[in-house]
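# Structural description and commentary
Now for the letters of each chain:
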Amino acid sequence: MYRITIKEGKDKAMRRHHPWVFSGAIAAAEPAFSEPDWAEVVSATGTFIAYGWYDEKSHIQLRLMSWNRKDRTGEEFIRKLVRESVTRRREFFTLPDTTAFRLIHGEADFLPGFAADTYGREIRMLISSRFADRFLPVVASELSSMLHPSLIEAVTDRQFAGIEGLKERVRCFINGEETAEECGDRENARFIENGIWYEAAPGRGQKSGFYCDQRDNRAITGSYARGRKVLDLFSYTGGFTLHALKNGAVSVDSVDSSESALRHLLYQIHLNEDKKTLPEGSREKVSITAADAFEFIRASEEGKYDMMILDPPKLAKTKSALENAMKAYKDLNRVAMMKIRNGGIIATYSCSGAMTREDFRMMLGWAASDAGCEIQILHTLSAGEDHPVRLSFPESEYLKGYIVRVLK
Ligand code: SAH
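What counts as what
- Throughout this description, residue numbers start from 1 for each chain and increase along the sequence as written.
- Local features in this predicted model are restricted to residues of pLDDT 70 or higher, and side-chain atom pairs are both shown and tallied only at a pLDDT of 80 or more, whereas totals for entire chains, interfaces and linings draw on every residue.
- The side-chain figures draw on all heavy atoms in the structure; neither hydrogens nor water molecules are used.
- Strands here are runs of E lasting at least two residues and helices are runs of H or I lasting at least four, both read from the DSSP assignment and numbered beginning at the N terminus.
- The cut-offs for exposure are 20% and 50% of the maximum accessible area for each residue type, with area from a 1.4 Å probe on protein chains only; residues under the lower value are buried, those over the upper are exposed, and the others partly exposed.
- A contact between two residues is defined here by any heavy atoms of the two lying within 4.5 Å.
- Expected span of a helix, by definition, is 1.5 Å for each gap between consecutive residues, and there is one gap fewer than residues.
- When DSSP finds two or more bridges between a pair of strands, those strands are recorded as paired.
- Note on geometry: axes are C-alpha line fits, over the in-contact stretch for helices, and angles between N-to-C directions span 0 to 180 degrees.
- Ring pairs are drawn from Phe, Tyr and Trp, using the six-membered ring of Trp, whenever the two centres fall within 6.5 Å, and their geometry is named by plane angle: stacked under 30 degrees, edge-to-face over 60, tilted for the rest.
- Remark: a charge is flagged as sitting over a ring if the NZ atom of Lys or the CZ atom of Arg is within 6 Å of the ring centre and within 35 degrees of the ring normal.
- We call a pair of cysteine sulfur atoms a disulfide when they lie within 2.5 Å.
- We call a residue near a molecule or strand as soon as one heavy atom of that residue lies within 4 Å of the molecule or strand.
- The definition of a polar contact used here is a pair of N or O atoms within 3.5 Å, where within protein one atom must be able to donate a hydrogen and the other to accept one, and adjacent residues in sequence count solely through side-chain atom pairs.
- Per-residue accessibility takes into account occlusion by the displayed protein chains alone, with areas from the Shrake-Rupley method and a 1.4 Å probe.
- Three classes are used: nonpolar for Ala, Val, Leu, Ile, Met, Phe, Trp, Tyr, Cys and Pro, charged for Asp, Glu, Lys and Arg, and polar for all others, with Gly counted as polar.

As for its position among the elements, G344 is in the loop between α9 (322-339) and β19 (345-350). By relative accessible area, G344 is classed as buried at 0%. Sequence spacing of G344 and K408 is 64 residues, and the spatial spacing of their C-alpha atoms is 9.6 Å. Sequence-distant contacts of G344, defined by excluding residues within four places in its chain, comprise D306, V404, R405 and V406.

Listed below in structure tokens is the structure:
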């Protein structure tokens, strides 16, 4: 175990339980770094602060995991964190009409770089730190012995592979043991969310195949769709589209740059018509367009829609990219406000961790002022409770949303 001394005056955030320590805060490591290992972290005067994982090859050299001196670091400690994370979600396992939800939410569950979602009988994981890459077999083994999934598939998060020096790969675990090969050809994972059926294709797709952080927001947003002409921008495989149909939308135009996502959207409408979870005739109400959403909305006819859903990808990947991203968010929301019918509803989201809720609200204010309209906030939205926001780690509040009414 390393003993790491923090520079004087640099330990404030970590004492408030922020889990990330960058090299600039480290005064000394004993012994000198050779291999990644656990670390005891102490202040300049030698008092205990926390235990963490020290890896100089990571872009976050020290990741703190426990502020309790009595904890014993090691594999059993990781297993305990996994058990606690899953147990906190026990109510989700008894939901009658939802079988997809998050089991481990990274730092917010004290497991840096690990995301694990369950989709019916399968578990999909996304790995975004060297720590997670290393301890994946331990976490997979614990998840297996608790939940007995048919398999666990773990994919390296492309966005972090480069900065963490990780090889992009897909790993497969069956009965808790890693198989020599990827999980191979198999059927899509089928699951239900608030009464709508979905399928996620294996080893491909975005995130772990589906965005279960929007579960509650799809239901609330959908409830506004009755009798409305809806535009679902950045629709992906139709999470919001399907809920709008379920709730009696007059029509839904779904737009995404990915053709394969749109094809999957149509497939999922058929799946739900077959299962009788969508009203008959739902397919005829939907039109799909593979296009750039920014261009699509700019070219769309004014007053055509009385509801719009704006769920763009993460436009601000880092704090330094925030300024440009704010312009893109503002542009999107401003044009939506200009085009929507008077009294129309916009459900607008940002999943950029670098953008605070205050930034997002300020951006909406600018957009409304430039569009010459007033907006009323009807709902303030965030990710579901399976994606908790850990207050000592503000970055975990990444998903923010508002349902607003536009008054002209
Ligand atoms: N609303 C979806 C998730 C959206 S994720 C759901 O509920 O499941 C963001 C989506 O934006 C992705 O599907 C991606 O393909 C798409 N996308 C990214 N850039 C785009 C662009 N410029 N125009 C249109 N779609 C875009």
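That shown, we press on.
The first and last C-alpha atoms of α9 sit 26 Å apart over 18 residues, in line with the 26 Å expected at 1.5 Å per residue. Buried within α9 we find L322, A325, M326, Y329, L332, N333, V335, A336, M337 and K339.

With that settled, consider the sheet that holds strand β7 (residues 100-105). Spatially, the six strands line up as an open sheet ordered β7-β8-β9-β10-β11-β12, and their pairing is mixed. Taken across any chain shown, the strands that pair with only one partner, and hence form the sheet edges, are β7 and β12 (177-178). With six bridges connecting them, strand β9 (residues 122-127) and strand β10 (residues 151-156) associate as parallel partners. Of the residues in β10, the one forming a bridge with E122 is L151. Its contacts with the sheet place helix α3 (residues 130-147) against β7, β8 (114-119), β9, β10, β11 (170-174) and β12, and it is angled at close to 165° to β9.

Counted under the stated rule, the structure contains 24 aromatic pairs. Each ring, one from W38 and one from F77, has its centre 6.0 Å from the other, and the planes form 80°; the classification is edge-to-face. Residue W38 is located in strand β4 (residues 37-42), and its partner F77 is located in helix α2 (residues 75-87); the two are separated by 39 residues in the primary sequence. In this pair, the class of W38 matches that of F77, namely buried. With 5.1 Å between their ring centres and 80° between their planes, W53 and F135 make a pair best called edge-to-face. Of this pair, W53 sits in strand β5 (residues 48-54) while F135 sits in helix α3, and the two are 82 residues apart along the sequence. As far as burial versus exposure is concerned, W53 and F135 are alike and both buried. Members of the aromatic cluster, each reached through a chain of ring pairs, are W38, W53, F77, F114, F131 and F135. Seen from the ring of W197, K275 lies directly overhead, with NZ or CZ sitting 4.3 Å from the centre. Of note, R357 hangs over the ring of Y402, and the distance from its end group to the ring centre comes to 5.6 Å.

Applying the stated criterion across every chain, the model contains zero disulfides. C351 supplies the cysteine sulfur nearest to C212, a cysteine that is in no disulfide, at a spacing of 13 Å. On the basis of relative accessibility, which here comes to 2%, the residue C212 falls in the buried class.

Before going further, it helps to examine the site of the ligand. Taken together, 16 residues sit near the ligand, with R218, D256, D292, A293 and D311 positioned nearest. For the ligand, a nitrogen atom lies 2.8 Å from a polar atom in the side chain of D292. The backbone of A293 places a nitrogen or oxygen atom 2.8 Å from a nitrogen atom of the ligand. Here the ligand, which alone exposes 580 Å², has 89% of that area covered by the protein. Grouping the constituent residues of the shell around the ligand by class yields seven nonpolar, five polar and four charged.

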